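Survey of secondary and tertiary structure
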Amino acid sequence: MGQLHSRRHRFCPIDILSDDALLAIFAYLPIPDKVKAERVCQKWKHLLRHPSVWRAIDFTQIGHYLKPMYYADKQAAVLHFLQQYAGLFTKQVRLQNFASNNILQFLHSHCTQLEGIALFLHAGHTDVNLDLLSDNLTSVDLRLPISGGNGTPVGKFAEKQFNYLLHLNLHGVQITDVLCSSLSYSESLRYLMLYHCVFKSQSGSKFAALVSQLRQLNKLVLAYCWFASTQQLEEILHNVADNCCKLETFDFRFPYVPAGDDPQDIADHEIASLNFDYFLQSSVQMDRLFSVSLSGISSMTSERFTLFLQQHSGIQTLELSSCHDVDDDILYSIATNLTRLKSFQLRWCDSVTNIGLKYLAHHSSLQNLSLACNGITGKAVLTTVCTLTNIRFLSLSKVHGYKKCATTLKSLRPDIDVVFS
């Protein structure tokens, strides 16, 4: 009996941790693990009910855990969960397809210190009243269903005045004049990311005017967006180049414009062929730029891009995808001017050959390299990568003989993490 008694009360190393240390650990656990940990002992149950454990509540990985059989639906289950655990200490909430007016009303009234919210809405729940969001939010992530170029209006969200907003991420949203007017109050905005958003005929000018006010902007993403015209897009880029002098990260991917004569027919679209030289010429004011991603850009002369690289020699991360004007001369300019380059992605730029790749040899700062170009062979990749002393990651795709190259590299350079597809 004494032996059995000692087993029941044997020492556990986690018992030496203080309550503050346990609270810090519990705060990082996913929601299902937090609920399970409550059942370990009375002490843990008491600690896991402490408000500091629930500063961030993420429902994006909890769909399988919720049991709607005990509630009317999953929205009701989420609301019940929030009523149990969320409160004054809650700073961040992420909802995936679980948003409802009741949930937003609860967050507005009970989580008065809420700083950030992420709403991922599917087609059946886009009618939630976003006017219930707090005006004091510093981060908003709103993702709506992508509707093939039409965009989803965001209703009363467009009438909010976010005076403290620092981070805004919009997916599938229709950019309207009212929304631009609302965002004009967010002059302190640092991160603006727009994915699959739609600019109607008049909203582009409003957005261009908005961009000229965002002088504190550090990161701008315009990815897979639909614009009413090429002129509208160029106006936006002009204002970015002229006014966003503190921009550090610029991500510009596959801009779409109507293929026909009707500017409202955005569903019939094509990749814009725009004059990108103005942006490259005017971006000299962006003296902090260190990360650039360009995808689907045409009409970009090698001379102007070379000048751009000379003006921004501090760039550390560069991605060029589906840019058909990128050739061996561009790679020579990259190797010559970007001496601090650490990460380089080159995808679907078919004008690049083995000659251009060899220019990257002996680039001492390069750590990550991603290649997917038909004009490059695996033998040239092997020769170049073996001379890159600091490279630690290599991704290969669409390269002739890439499988054999990857196998050989793993034996010659086991310090490199090689991925191929």
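Residues numbered from 1 in each chain as written. Predicted model: local features only at pLDDT ≥ 70, side-chain atom pairs only at ≥ 80, totals over all residues. Heavy atoms only, no water.

Extensive coverage of strand S16 (residues 368–372) is indicated by the burial of 4 of its 5 residues. Relative to S16, strand S15 (residues 343–347) runs parallel, the two sharing 5 bridges. Its bridge partner being in S16, Phe344 is matched across the sheet by Leu369. Note that S16 and strand S17 (residues 393–396) share 4 bridges and pair parallel. Counterpart to Leu371 in the pairing with S17 is Leu396. The parallel pair S16 and S17 is bridged by helix H14 (residues 378–385), and the resulting crossover is right-handed. (Buried < 20%, exposed > 50% of the residue type's maximum accessible area, 1.4 Å probe, protein only. Helix = DSSP H or I, 4+ residues; strand = E, 2+ residues; numbered from the N terminus. Pairing = 2+ DSSP bridges. Right-handed = clockwise from strand over helix to strand, strands pointing away.)

Counting 121 residues, the largest nonpolar core has Leu294 and Phe344 as the members making the most contacts within it. Beyond its immediate stretch of four places on either side in the chain, Leu294 contacts Phe250, Phe252, Phe276, Met300, Phe305, Glu319, Leu320, Ser321 and Cys323. (Core = buried A, V, L, I, M, F, W, Y, C linked by side-chain atoms within 4.5 Å. Contact = heavy atoms within 4.5 Å.)

Let us look at the side chain of Ser395. For Ser395, the position within the fold is in strand S17. In this structure Ser395 comes out as buried when scored by relative accessible area, which is 12%. Not counting chain neighbours up to four residues away, the residues in contact with Ser395 comprise Arg347, Leu369, Ser370, Leu371 and Val419.

Per the stated rule, a full pass over the model turns up 9 aromatic pairs. Ring centres of Tyr402 and Phe420 lie 6.1 Å apart, and the angle between their planes is 55°; on these two criteria the pair is classed as tilted. You can see Tyr402 sitting in helix H15 (residues 402–412) and its partner Phe420 sitting in strand S18 (residues 417–420), a full 18 residues away along the chain. By way of ring pairs, the aromatic residues Phe199, Phe207 and Phe227 are connected into one cluster. Lys34 extends its terminal NZ or CZ atom over the ring of Trp54, reaching a point 4.4 Å from the ring centre. (Phe/Tyr/Trp six-rings, centres within 6.5 Å; stacked < 30°, edge-to-face > 60°. Lys NZ or Arg CZ within 6 Å of the ring centre and 35° of its normal.)

Along the chain, the position of Leu170 falls in strand S5 (residues 167–171). Accessibility expressed as a relative area gives 0% for Leu170, which makes it buried. Taking the C-alpha atoms as reference points, Leu170 and Arg143, separated by 27 residues in sequence, lie 5.8 Å from one another.

Most of strand S9 (residues 219–223) is tucked away, with 4 of its 5 residues classed as buried. The sheet contact formed by strand S7 (residues 191–195) and S9 spans 5 bridges and is parallel. In the strand pairing of S9, Met193 is matched with Val221. In the sheet, S9 pairs with strand S10 (residues 249–253) via 5 bridges, with the strands oriented parallel. Note on S10: the bridge partner recorded for Ala223 is Arg253. Of the crossover connections in this fold, the one passing from S9 over helix H9 (residues 230–243) to the parallel S10 is right-handed.

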